[in-house]
Amino acid sequence: MSDDRAIRDLPAALDLAVFERVSDRVFKPLGLLPPWLKLTGSAEETDLADQFPMLEFFLPEFEAAWEPCGPSITSDVWTETDPRGGEQYLQAVAASAGGRRFLVLKTLPPERGKYQQESHDFQLAKLEVERYKLAAERANQAKTDFLATMSHEIRTPLNAIIGMADVLSATELTQEQRRCVEVSQRNGVGLLTLINDILDLSKVESGHVELEATEMDLREVIDRASDVVEQRVTGKGLTLGKAIAPGVPVYLIGDPNRLRQVIINLLGNSIKFTEKGELRVTVETDPEDARPGCLRFAVSDTGIGIPPDKLDSVFESFTQADSSTTRKYGGTGLGLTISKQLVELMGGRIWVESTVGTGSTFFFTVKLSVQQDQSERSRAPARDEKSASAEQNRLAPGMRILLADDSDDNRFLILSYLNKTGAAVDIAEDGDVAVRLFRRNPYDVVLMDVEMPVMDGHAATREIRRFERETGAEPTTVLALTAHAFLDAWEKARESGFTDLLTKPIRKTDLLEALSKYPARSAQPGAPAIPRVTVMVEAGMEDVVPGYLAKRRAEVAVYRQALADGNFETIRMLAHKTKGTGAGYGFPVLTELGAVLEKAAQRRDAGEIRTRTDELAGYLASVELEYTK
Amino acid sequence: MSKCKICLLGSFGVGKTSLVARFVRSDFSDKYHTTVGVKIDKKTLAVDGEEAIAMVWDMAGEEDNAPVNLKQLRDASGYLLVVDGTRSSTLDVARSIQDRVETEIGKQPFLLLVNKVDLRESWEIPDSAWEDLAARGWTILETSAKTGEHVEEAFRTLTSRILQARRDAEDADE
């Protein structure tokens, strides 16, 4: 008897409900039913398909299982709410044995739902995070766009204000007038600095500062930073010392401009709070990280110092140690905040140690890469820059400049800057005019406004570069003039083919310094300005001559490359062909030059080939076709 | 009384279970609760002067490694495709499911429900997407299981279409 009970209780003990099919949809429970099944009693026959619609769906499929010797069939999983409000995950199995047809209902462990729940929760949470990230990025982009526009709008009039003050100060003025101009200049520059700081900070904060990774000379970075503050240092009767500890690698890879910016900010800060004594910039290997390229900079002063409780807050935006210092010493306190952000971008940290009344030392660390070659060979010219700038921005004599700007004010300003420099300036009111002038005349430098009607600076520069490629001419320096101060502006400019970028407001010293870097090629002896050569195209040749000329122009680059590779055979072959065809197409000069080049190639005379290739390029650039009507 | 088997299909987390809870029990919970397998509910409703029992099959949402079990659509009368307006990927899933249903099961009455209209300001699917689908003849309803907006209407509209289709088929038989 007790064995029977055990058998009867087995299904319930195994958490299974076992039924035998009585007819179509009616099933009779066998043994005890587990508590999750809300059936009452154990012997009653019931319409299970009515109770579980899922079974109704599976009954037709189960028929196969209830055939004699049919295979057992398992249903899909479904969910039922149990009487207590919880959920059960069920599955039905149909099977037959000894001519009897059975149906077993079983529950699946709750983990089944738990895993799925966790997986879905995780995926939904991830989407939520992505959504917030996207929203934040959009907001940031809007902010950056706004700042870029504002920066342009503010800098353009400032350009005119500061520039005109500069021009005015170079004229004869009474003492009173000079004082007025100086106040105007000083405040203009102050306002510009403030705008730059605010823009810088928002760029860093919105993650829009991308650090460069270029080769740099640590000594040069420090020298150029100290050059910037030199006047203020000597003006206050202070001295400035610089030292790089022995063993510190000086040829590094990093962002020299941002590193210099930090040093200038710290020096500027020190100058502001120091009345007498000395400022020092020192660099040593980071004592806490001995890897090469991990450096610790220290900028120390003998100034008023910072109270201990204010040491941390000096790096916060718009904070100086004491709010009254703002009134006394000026400044926004943004410089240190920007420095902190930049230093952190460079993988380091910044802090200050100070004694009130004795002075402060600002430390910062950076993690830079070290160039493999630390030897001084073949680098000497790089260090000449300071002596060059000491020559006070003298332009190369006879420099020919093409200025493209649609604004009368800007053109007048730049022209007045260039007045008395001996430069010859041609004017273009838009990019299209600039390109046409460029095709006709040789220039040493093109100053190209970026935003112009008809054809903007980007398109015009691309056109100029295309022309140079076609004629095989050396690339001319094309400087972008733009009021957009963002990094994107420079990237875009570089893509268009600009050599460098000058940010408006452009000050006289900046312009002259930029121009002084470039030689006056067109005025060099032996390279006279290219005269225009007009060649009449014979009737019937109109369709072939331009193509012939374009091919010869394209060949100039091949000559140069072959010369660089020492591939004289290629030069000989090209020259031979030109010799044979030039006159036939109406260009006897090409035949002559081809003959000279061919001979030079046979002699392997690189000097002669170079000269003649230049001559060829010059001729091809100067040729203008005229068609007989 | 006619029985209509209505399946809810769509990506996981779009609110299928919530729509059923709103429709069957006038209930709503903010807490996300995943559906294991399928959960079947029923509700009697009167449509076009006719009483019908809606057997609502709330099917587990589709996810990358678990496509919906289309086998369960056998003998279904129609289906509701549910999209979460705040997740554009759920529209792609809905389109893909509709495509598979049409290929594997055949044409059936269906509606597209763009759920979570209460969160309209954070919808990321552009209106043009709906216009495209409407142009293809899809009926689209913006629903909110949270507020109940258009939920009852969605089930009623589909049921009405199912019954109409049946009447049309019967007329054709005669």
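Since this is a predicted model, take the numbers as computed values, not measurements.

1. So, the overall build of chain A
In step 1: Scanning chain A for helices and strands turns up 19 helices and 22 strands.
In step 2: Across the 629 residues in chain A, those meeting the buried criterion constitute 43%.
In step 3: The long-range fraction of contacts in chain A, counting pairs at least 24 apart against all pairs at least 6 apart in sequence, stands at 64%.
In step 4: Surface summary for chain A: the accessible area is close to 32300 Å², and the carbon and sulfur share equals 54%.

2. Quick word on the pattern of salt bridges
In step 1: Enumeration according to the criterion identifies 46 salt bridges over all chains in this entry.
In step 2: Across the pair B:Lys3 and A:Glu56 runs a salt bridge whose closest N-O atoms are separated by 3.5 Å. With one member in each of two chains, B:Lys3 in strand β1 (residues 2–10) and A:Glu56 in helix α3 (residues 53–62) form a pair that bridges those chains.
In step 3: A relative accessible area of 41% places B:Lys3 in the partly exposed class.
In step 4: Taken together, the shared-partner salt bridges in this structure form one network comprising A:Arg25, A:Asp47, A:Glu56 and B:Lys3.

3. Observations concerning the sheet that holds strand β19 (residues 477–482) of chain A
Residue and element names in this part refer to chain A.
In step 1: Taken together, the five strands give an open sheet; going across it, the order is β17-β16-β18-β19-β20, and neighbouring strands pair in parallel fashion. Lying at the two open borders of the sheet, with one neighbouring strand each, are β17 (424–428) and β20 (500–503). For this sheet the average axis-to-axis angle between neighbouring strands, irrespective of direction, equals 20°.
In step 2: Note: β19 against β20, four bridges, orientation parallel. Each bridged residue has a counterpart across the sheet, and for Leu479 the counterpart in β20 is Asp500.
In step 3: Relative to the sheet, helix α15 (residues 508–516) contacts β16 (400–404), β18 (445–449), β19 and β20, its axis offset from that of β18 by approximately 140°.

4. As for helix α7 (residues 256–272) of chain A
In step 1: When the terminal C-alpha atoms of α7(A) are compared, their 24 Å separation across 17 residues agrees well with the 24 Å that a helix rising 1.5 Å per residue should span.
In step 2: For α7(A), the tally of buried residues reaches 14 of 17 residues, placing the bulk of the element in the interior.

5. Observations regarding the pairing of strand β3 (residues 50–59) of chain B
Residues and elements named next belong to chain B.
In step 1: Across the ten residues that make up β3, a large majority, eight, are buried.
In step 2: The pairing of β1 with β3 spans seven bridges and is classified as parallel. What sits directly across from Lys5, in β3, is Met55.
In step 3: Here strand β2 (residues 38–47) runs beside β3; their pairing, made up of ten bridges, is antiparallel. Within the sheet, the bridge partner assigned to Asp41 lies in β3 and is Val56.
In step 4: The turn linking β2 back onto β3 is made up of two residues, and Asp48 within it adopts a positive phi angle of 50°.

6. A short note on the packing of helix α5 (residues 175–205) of chain A against helix α9 (residues 334–345) of chain A
Packed helix pairs are specified by the crossing angle of their axes together with the interaxial distance, meaning the distance between the axes.
Residue and element names in this part refer to chain A.
In step 1: The N-to-C vectors of α5 and α9 enclose an angle of 35°; their axes lie 10 Å apart at closest approach. For the pair α5 and α9, the sense of crossing is left-handed. Touching Asp197, Ile198, Asp200, Leu201, Val204 and Glu205 of α5 are Leu334, Gly335, Thr337, Ile338, Gln341, Leu342 and Leu345, all from α9.
In step 2: Tallied by class, residues from the contact of α5 with α9 come to seven nonpolar, three polar and three charged.

7. Examining the confidence of the model for chain B
In step 1: Of the residues in chain B, 100% have a pLDDT of 70 or more, and the chain-wide mean is 93.
In step 2: Complex prediction metrics read pTM 0.50 and ipTM 0.93.

8. A short note on the packing of helix α16 (residues 545–565) of chain A against helix α17 (residues 568–581) of chain A
Residues and elements named next belong to chain A.
In step 1: One way to put it is that α16 packs onto α17 with a least axis distance of 9 Å and a crossing angle of 155°. Comparing the axis directions of α16 and α17 gives the class roughly antiparallel. Judged by the twist between their axes, the crossing of α16 over α17 is left-handed. From α16, Tyr548, Arg552, Glu555, Val558, Tyr559, Ala562 and Leu563 reach across to α17, where they touch Phe568, Thr570, Ile571, Leu574, Ala575, Lys577, Thr578 and Thr581.
In step 2: Grouping the constituent residues of the contact of α16 with α17 by class yields nine nonpolar, three polar and three charged.

9. Concerning the environment of B:Lys116
In step 1: In this structure, B:Lys116 sits in the loop between β5 (110–115) and α3 (127–135).
In step 2: Other than its neighbours up to four places away in sequence, B:Lys116 contacts B:Gly13, B:Val14, B:Asp84, B:Trp123, B:Thr143 and B:Ser144.

10. What to know about the sheet that holds strand β8 (residues 214–217) of chain A
In any sheet, the strands associate via hydrogen bonds between backbone groups, in a parallel or an antiparallel arrangement.
Residue and element names in this part refer to chain A.
In step 1: The sheet built from three strands is open, its strands ordered β8-β10-β15 with antiparallel pairing. Pairing within the sheet leaves two strands with one partner each, and these edge strands are β8 and β15 (369–370).
In step 2: Strand direction decides the pairing type here: strand β10 (residues 251–254) and β15, joined by two bridges, are antiparallel. Paired with Leu252 across the strands is Val370, a residue of β15.
In step 3: On the sheet, helix α6 (residues 218–235) packs against β8 and β10 and is oriented at approximately 70° with respect to β8.

11. Things to note about the interface of chain A and chain B
In step 1: Tallying the contact residues gives 25 residues for chain A and 25 residues for chain B.
In step 2: Approximately 2300 Å² of surface area, both sides summed, lies buried where chain A meets chain B, with 51% of it carried by carbon and sulfur atoms.
In step 3: Among the residues chain A hides against chain B, the three largest losses belong to A:Phe57, A:His120 and A:Arg131. Together they make up 27% of the total.
In step 4: Counting across the chain A and chain B interface gives three salt bridges.
In step 5: As a salt-bridge pair, B:Arg74 and A:Glu61 come within 3.3 Å of each other at their nearest N and O atoms.
In step 6: Here chain A and chain B share 17 residue pairs in polar contact (both at pLDDT 80 or more) between them.
In step 7: With eleven residues, the single largest contributor to the side of chain A that touches chain B is helix α4 (residues 111–169) of chain A.

12. Observations regarding helix α1 (residues 16–25) of chain B
In step 1: Considered for burial, the residues of α1(B) that qualify are B:Lys16, B:Leu19, B:Val20, B:Ala21 and B:Phe23.
In step 2: B:Ser26 lies just past α1(B) and shows a positive phi near 50°.

13. Comments concerning the packing of aromatic side chains
In step 1: Counted by the stated rule, this structure contains 17 aromatic pairs over all chains.
In step 2: Aromatic pair A:Tyr548 and A:Phe587: ring centres 6.2 Å apart, planes at 15°, arrangement stacked. One end of the pair, A:Tyr548, is in helix α16; the other, A:Phe587, is in the loop between α17 and α18 (588–603), and 39 residues separate them in sequence. There is no split in this pair, since A:Tyr548 and A:Phe587 are both buried.
In step 3: Between B:Tyr79 and B:Phe110, the aromatic rings sit 5.1 Å apart at their centres with planes inclined by 10°, giving stacked as the arrangement. With B:Tyr79 in strand β4 (residues 78–84) and B:Phe110 in strand β5, this pair connects stretches of sequence that are 31 residues apart.
In step 4: Through a chain of ring-to-ring contacts, three or more aromatic side chains come together here, namely A:Phe27, A:Phe57, A:Phe58, A:Phe62, A:Trp66 and B:Trp57.
In step 5: Over the ring of B:Phe23 we find B:Lys43; its NZ or CZ atom is 4.7 Å from the centre of that ring.
In step 6: Lying across the ring of A:Phe57, B:Arg74 places its NZ or CZ 4.1 Å from the centre.

14. With respect to the nonpolar core
Residue and element names in this part refer to chain A.
In step 1: If you look at the biggest cluster of nonpolar residues, it comprises 53 residues, and the most contacted ones within it are Leu103 and Leu105.
In step 2: In terms of residue count, the dominant contributor to this core is α3 (six residues).
In step 3: For Leu105, the contacting residues outside a window of four places in its chain are Asp15, Leu16, Ala17, Phe19, Trp36, Leu37, Phe52, Leu55, Trp78, Gln91 and Ala92.
In step 4: Counting residues in each nonpolar core, the second largest holds 43 residues, with Val221, Ile222, Leu267 and Phe315 among its members.

Conventions adopted
Residues numbered from 1 in each chain as written. Chains lettered and ligands numbered in written order. Predicted model: local features only at pLDDT ≥ 70, side-chain atom pairs only at ≥ 80, totals over all residues. Heavy atoms only, no water. Helix = DSSP H or I, 4+ residues; strand = E, 2+ residues; numbered from the N terminus. Buried < 20%, exposed > 50% of the residue type's maximum accessible area, 1.4 Å probe, protein only. Contact = heavy atoms within 4.5 Å. Areas by Shrake-Rupley, 256 points an atom, 1.4 Å probe, with all protein chains shown as cover. Salt bridge = Lys/Arg side-chain N within 4 Å of Asp/Glu carboxyl O. Pairing = 2+ DSSP bridges. Axes fitted to C-alpha atoms, helices over the stretch in contact; angles between N-to-C directions. Expected span 1.5 Å × (residues − 1). Left-handed = near helix turned anticlockwise from the far one by under 90°. Nonpolar A, V, L, I, M, F, W, Y, C, P; charged D, E, K, R; others polar. pLDDT = per-residue confidence, 0-100. Parallel < 35°, antiparallel > 145°, perpendicular 65-115°, else oblique. Buried area = accessible area lost by both parts, 1.4 Å probe. Polar contact = N/O pair within 3.5 Å; in protein donor to acceptor, adjacent residues only side chain to side chain. Phe/Tyr/Trp six-rings, centres within 6.5 Å; stacked < 30°, edge-to-face > 60°. Lys NZ or Arg CZ within 6 Å of the ring centre and 35° of its normal. Core = buried A, V, L, I, M, F, W, Y, C linked by side-chain atoms within 4.5 Å.

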